[in-house]
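# A look at the structure
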Amino acid sequence: MTSTPQTALPPAPRRELRRARSGAMLGGVSAGLADYTGVDTVLWRVLFVALTLAGGAGIVLYAALWVLTPPVPLAPGEQPRRVDEAVERLSGRLGGTPR
């Protein structure tokens, strides 16, 4: 009987929920959720619109995720958008520490 040696697989990289900078229409929340979950960005956007039409929860949820979810780091030489800078300042005030 021969046995084959077991090789250990490297641990899978830990995925983090982050707001995307590429593919972002407004704050990058839907694109970030799509990257994190593997569900298409359009479906996340439709969900937020449906929640908004069903009582306004979509706006509140999107805004909360926009402020509380950290963005993907900037590429070298890339400048942040003004709205991203404002959200980062707000996020730093709410969290106590700037990101």
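See the structure above.
Values in this document were obtained by computation on a predicted structure and should not be read as measured data. (Residues numbered from 1 in each chain as written. Predicted model: local features only at pLDDT ≥ 70, side-chain atom pairs only at ≥ 80, totals over all residues. Heavy atoms only, no water.)

Every buried residue of helix α1 (residues 29-37) is accounted for by Val29, Ser30, Ala31, Gly32, Leu33 and Ala34. On its buried face, α1 is in contact with α2 (41-53) and α3 (57-68). Backbone geometry just downstream of α1 places glycine 38 in the positive-phi region, at approximately 85°. (Buried < 20%, exposed > 50% of the residue type's maximum accessible area, 1.4 Å probe, protein only. Helix = DSSP H or I, 4+ residues; strand = E, 2+ residues; numbered from the N terminus. Contact = heavy atoms within 4.5 Å.)

Here the focus is the pattern of salt bridges. Evaluation of the coordinates by the stated rule reveals 5 salt bridges. Between arginine 18 and glutamate 16 there is a salt bridge; the shortest N-O distance is 3.1 Å. For arginine 18, a relative accessible area of 28% gives the class partly exposed. Across the salt bridge formed by aspartate 84 and arginine 81, the nearest N and O atoms sit 3.2 Å from each other. Taking the relative accessible area as the measure of exposure, aspartate 84 reaches 7% and is therefore buried. Overlapping salt bridges bring together Arg19, Arg21, Arg81, Asp84 and Glu88 as one network. (Salt bridge = Lys/Arg side-chain N within 4 Å of Asp/Glu carboxyl O.)

So, about the nonpolar core. If you look at the biggest cluster of nonpolar residues, it comprises 8 residues: Val29, Leu33, Ala34, Trp44, Phe48, Tyr62, Trp66 and Val87. Those elements that place two or more of their residues in this core are α1, α2 and α3. If you tally residues by element for this core, the top one is α1, at 3 residues. The residues contacting tryptophan 66, other than those within four sequence positions of it, are Arg19, Leu26, Gly27, Val29, Val83, Asp84 and Val87. (Core = buried A, V, L, I, M, F, W, Y, C linked by side-chain atoms within 4.5 Å.)

Relative to the helices and strands, glutamate 16 is located in the segment before α1. Judged by its relative accessible area of 45%, glutamate 16 is partly exposed. The sequence separation of glutamate 16 and proline 70 amounts to 54 residues, and the corresponding C-alpha distance is 9.4 Å. Engagement of the side chain of glutamate 16 in a polar contact is seen with the side chain of arginine 18, the distance being 3.1 Å. (Polar contact = N/O pair within 3.5 Å; in protein donor to acceptor, adjacent residues only side chain to side chain.)

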